[in-house]
Amino acid sequence: MSKKPDRTTALLNIISEVRAEFPFYVPDANICGISCIGCPKKLLELVDSEFCEWEAKINNGVIPNFGEIYKLGKLCKNVRRGLKRNGLVN
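Chemist: Sorry, what's going on with the packing of aromatic side chains here?
Modeler: How two aromatic rings sit relative to each other is given by the distance of their centres and the angle of their planes. Taken as a whole, this structure holds 3 aromatic pairs when the rule is applied. Judged by centre distance (6.0 Å) and plane angle (40°), the ring pair of F22 and F24 falls under tilted. Taking relative accessible area as the criterion, F24 reaches 15% and is therefore assigned buried. Judged by centre distance (6.2 Å) and plane angle (55°), the rings of F24 and F51 are tilted. Placement of the pair is F24 in the loop between α1 (7-21) and α2 (28-31) and F51 in helix α3 (residues 40-59), with a sequence separation of 27 residues. Through a chain of ring-to-ring contacts, three or more aromatic side chains come together here, namely F22, F24, Y25 and F51.

So this is what it looks like as C-alpha cells:
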C-alpha cells in the first residue's frame, strides 16, 4: 500500500503538475489572441505569483494546511477553465 504524501509534498506536487500543463513559458503573442475570454495572461500571472509565494514559504519552513492546499487547487482548477475557453489547454 502506498503512503499518502505529507502536506508540503502534496502542495509541491500540485505546483509541478500545473507548471507542466499550463503554458507559462509561451510567448505573449501566442497567449493574447484577437478575442480573449478573460485575460489568460493575467490568469497565468496570478497562478505563477501564488506558486512563487508558496515555494518561498516552503523554503522558509512553513507547512501549508489543508485549507490552503484546497484553495490553491481550486484556483488552478478555475484558471484551467479560463485557459481552456481560450484554447490554451486541452
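There is more to say after this.
Chemist: I would appreciate a short explanation of the confidence of the model for the protein in the present structure.
Modeler: Detailed reading of predicted coordinates is not advised where the pLDDT is low. Here the protein averages 92 in pLDDT, while 98% of its residues score no lower than 70. The weakest mean pLDDT in the protein belongs to α2 at 75; the strongest belongs to α1 at 97.

Reading guide: rules and limits
- Residues numbered from 1 in each chain as written.
- Predicted model: local features only at pLDDT ≥ 70, side-chain atom pairs only at ≥ 80, totals over all residues.
- Heavy atoms only, no water.
- Phe/Tyr/Trp six-rings, centres within 6.5 Å; stacked < 30°, edge-to-face > 60°.
- Buried < 20%, exposed > 50% of the residue type's maximum accessible area, 1.4 Å probe, protein only.
- Helix = DSSP H or I, 4+ residues; strand = E, 2+ residues; numbered from the N terminus.
- pLDDT = per-residue confidence, 0-100.

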